[in-house]
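Chain residues, written in single-letter form:
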Amino acid sequence: MRSLGGPLWLQQIAAAMTRHPLEQWLIVALALAMGLGGAVIMRRKGRSGLSGFVLGLLLGPIGLVVTKAMRADGAASSPRR
């Protein structure tokens, strides 16, 4: 592959854009699966599935941990005095 010159970060972006199509579909499929998992977790907690989907989609496994750690809607919190 011929070097295009320019900053290293720009070269890395150009290299990432020339990935094999199967790799790109795998990344998209994993992101959608994480989003679906986040939506399912949030719906079971009585919250918006859309927010869980967005968290899972954008943050991946970290988003799933965040959605799992959230309280269920209407869960009683300890009163502060």
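Residues numbered from 1 in each chain as written. Predicted model: local features only at pLDDT ≥ 70, side-chain atom pairs only at ≥ 80, totals over all residues. Heavy atoms only, no water.

Colleague: So what's going on with the overall build of the protein chain? Which residues, and what values?
Modeller: Looking only at helices and strands, the protein chain features 4 helices and 0 strands. Helices (α) and strands (β) of the protein chain occur, in sequence order from the N terminus, as α-α-α-α. Taken over 81 residues, the protein chain has a buried fraction of 14%. Within the protein chain, counting contacts between residues at least 6 apart in sequence, those at least 24 apart form 39% of the total. Of the roughly 6,500 Å² of accessible surface on the protein chain, a fraction of 67% belongs to carbon and sulfur atoms. (Helix = DSSP H or I, 4+ residues; strand = E, 2+ residues; numbered from the N terminus. Buried < 20%, exposed > 50% of the residue type's maximum accessible area, 1.4 Å probe, protein only. Contact = heavy atoms within 4.5 Å. Areas by Shrake-Rupley, 256 points an atom, 1.4 Å probe, with all protein chains shown as cover.)

Colleague: Which residues make up the packing of helix H2 (residues 21-44) against helix H3 (residues 49-59), and what are the values?
Modeller: H3 packs onto H2 with a crossing angle of 145 degrees between their chain directions and a minimal axis gap of 6 Å. For the pair H2 and H3, the crossing hand works out as right-handed. Within the contact between the two elements, H2 uses Ala31, Leu32, Met34, Gly35, Leu36, Gly38, Ala39, Met42 and Arg43 and H3 uses Gly49, Ser51, Gly52, Phe53, Gly56 and Leu57. Of the residues assigned to the contact of H2 with H3, the class counts are 8 nonpolar, 6 polar and 1 charged. (Axes fitted to C-alpha atoms, helices over the stretch in contact; angles between N-to-C directions. Left-handed = near helix turned anticlockwise from the far one by under 90°. Nonpolar A, V, L, I, M, F, W, Y, C, P; charged D, E, K, R; others polar.)

Colleague: Residues and numbers for the packing of H3 against helix H4 (residues 61-69), please.
Modeller: The N-to-C vectors of H3 and H4 enclose an angle of 145 degrees; their axes lie 6 Å apart at closest approach. Contacts from Gly52, Leu55, Gly56 and Leu59 in H3 reach Pro61, Ile62, Gly63, Val66 and Thr67 in H4. Residues that form the contact of H3 with H4 fall into these classes: 5 nonpolar, 4 polar and no charged.

Colleague: Hey, could you go over a nonpolar patch on the surface for me, with residue numbers and the actual values?
Modeller: A cluster of nonpolar residues, Trp25, Val28, Leu32, Leu50, Val54, Leu57, Leu58, Leu59, Ile62 and Val66, forms a patch on the protein surface that exposes about 980 Å² of accessible area. For the nonpolar patch, the secondary-structure elements that each account for two or more residues are H2, H3 and H4. The element contributing the most residues to the nonpolar patch is H3, with 5 residues. When you line up the elements, Leu32 lands in helix H2. Leu32 gets classed as partly exposed once you look at its relative accessible area, which sits at 45%. (Patch = residues over 30% accessible without salt bridge, like charges linked within 9 Å, V, L, I, M, F, W, Y side chains within 5 Å. Salt bridge = Lys/Arg side-chain N within 4 Å of Asp/Glu carboxyl O.)

Colleague: Tell me about the side chain of Lys45, residues and numbers included.
Modeller: Among the secondary structure elements, Lys45 is positioned in the loop between H2 and H3. In this structure Lys45 comes out as buried when scored by relative accessible area, which is 18%. What Lys45 contacts, discounting residues up to four positions off in sequence, is Thr67, Lys68, Ala69, Met70, Arg71, Ala72 and Asp73.

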